Amino acid sequence: MIKIRDLQSVDINEILALADVQLGEKYITVDDLSACNVIVAEDADWQKCVGFCLSYIGQNGDAYVRTVAVSNDYSGQGIGTALIAKSVEYLKGIGAKKIMSPLWKHDGIVNSDVVFRRNGFLPVREIPDYWYADSLEKGYSCPVCGKGCHCTCVMYELAMDN
Ligand SMILES: CC(C)(COP(=O)(O)OP(=O)(O)OC[C@H]1O[C@@H](n2cnc3c(N)ncnc32)[C@H](O)[C@@H]1OP(=O)(O)O)[C@@H](O)C(=O)NCCC(=O)NCCS
């Protein structure tokens, strides 16, 4: 059974390992986990973290779902969609009126397009080299480009009507 729940300290190493595989080595750090609200998907039978979603409110007050990742062994079970839904619920609960998410596009495809659309997000603009400076400064690798990420971001938005 899959449980969607808040972060526990036992999850941290599993999240970092999953992030290294799914999002690129060192893209997510312990500091990122402290700075964000973290929603976790746990396989309760094995007491194992199989997915996570990070969200936060930026300094300018804008709300973001920063990223979502699910282990390949658990893909296609609705876990990514459920993690985003829970993060949206959290951001909405603390007053967000609009939520943005910078999604990774490569080979013309945004992998996570479906899971964000299922939560009501729509693409609004493209930003080339979105992660380039940040990836050099923080030293993380992109799964496609390696060091110095030249991937384009497609910014998705969810506007709340209440
Ligand atoms: C994108 C991701 C979070 C989806 O998680 P998930 O638990 O499999 O998602 P769900 O089961 O809720 O939805 C699955 C849908 O997503 C789509 N999808 C999943 N992986 C995809 C991929 N690699 N390419 C294109 N579409 C994909 C499919 O349309 C699928 O729909 P279907 O099951 O009806 O065929 C997961 O594949 C992942 O971690 N990918 C690598 C990391 C990543 O790209 N994260 C987003 C960075 S912003």
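Above this text you will find the structure in question.
An account of the accompanying structure is given in this report. What you are looking at is a predicted structure, and each value in this text was computed from that prediction instead of being measured.

Attention now moves to the site of the ligand. Close to the ligand lie 19 residues, the nearest being Val-70, Ser-75, Gly-80, Thr-81 and Ser-112. When contributions to the shell around the ligand are tallied by element, the ones reaching two or more residues are helix H1 (12-23), strand S4 (63-70), helix H3 (79-93), strand S5 (98-106) and helix H4 (113-117). Tallying contributions element by element places S4 first for the shell around the ligand, with four residues. Tallied by class, residues from the shell around the ligand come to nine nonpolar, 10 polar and no charged.

Within the largest apolar cluster, 35 residues are counted, with the highest numbers of intra-cluster contacts made by Ala-41, Phe-52, Cys-53, Val-68, Leu-83 and Ile-84. Broken down by secondary-structure element, the contributors of at least two residues to this core are H1, strand S2 (37-43), strand S3 (48-57), S4, H3, S5, H4 and strand S10 (152-159). Not counting residues within four places of it along the chain, the set of residues in contact with Phe-52 comprises Ile-15, Leu-18, Val-38, Ile-39, Val-40, Ala-41, Ala-69 and Leu-83.

Let us now look at unusual backbone geometry. Of note, Gln-47 is a non-glycine position whose phi angle comes to about 50°, a positive value. Summarising the element assignment, Gln-47 is placed in the loop between S2 and S3. With a phi angle near 50°, Asp-107 is a residue other than glycine that sits in the positive phi range. With respect to the helices, strands and loops of the structure, Asp-107 is situated in the loop between S5 and strand S6 (109-110).

So, about the environment of Lys-86. Relative to the helices and strands, Lys-86 resides in helix H3. The partly exposed category is assigned to Lys-86, around which 18 C-beta atoms lie within 10 Å. Taking the C-alpha atoms as reference, Lys-86 lies 8.7 Å from Cys-53; in sequence the two are 33 residues apart. Aside from chain neighbours lying at most four places away, what touches Lys-86 is Ile-4 and Ile-39.

This next bit is on the environment of Tyr-56. For Tyr-56, the position within the fold is in strand S3. Sequence separation between Tyr-56 and Asp-11 is 45 residues, and the spatial gap between their C-alpha atoms is 19 Å. Filtering out sequence-adjacent residues up to four positions away, Tyr-56 remains in contact with Ala-35, Cys-36, Asn-37, Tyr-64 and Arg-66.

Parameters at a glance
Sequence positions are assigned chain by chain, starting from 1 and proceeding in written order. Local features in this predicted model are restricted to residues whose pLDDT is 70 or higher, and side-chain atom pairs enter the listing and the counts only when it is 80 or higher, whereas totals over whole chains, interfaces and linings include all residues. We call a residue near a molecule or strand when the C-beta position, derived from backbone atoms, sits within 6 Å of it. Strands here are runs of E lasting at least two residues and helices are runs of H or I lasting at least four, both read from the DSSP assignment and numbered beginning at the N terminus. Only Asp, Glu, Lys and Arg are considered charged in this grouping, and only Ala, Val, Leu, Ile, Met, Phe, Trp, Tyr, Cys and Pro are considered nonpolar; every other residue, Gly among them, is considered polar. One nonpolar core equals one set of buried Ala, Val, Leu, Ile, Met, Phe, Trp, Tyr and Cys residues connected by C-beta atoms within 7 Å. Once C-beta atoms are placed from the backbone, each residue is buried if 20 or more other C-beta atoms lie within 10 Å of its own, exposed if 12 or fewer, and partly exposed for counts between those two. Remark: residues whose backbone-derived C-beta atoms lie within 7 Å of one another are considered to be in contact.

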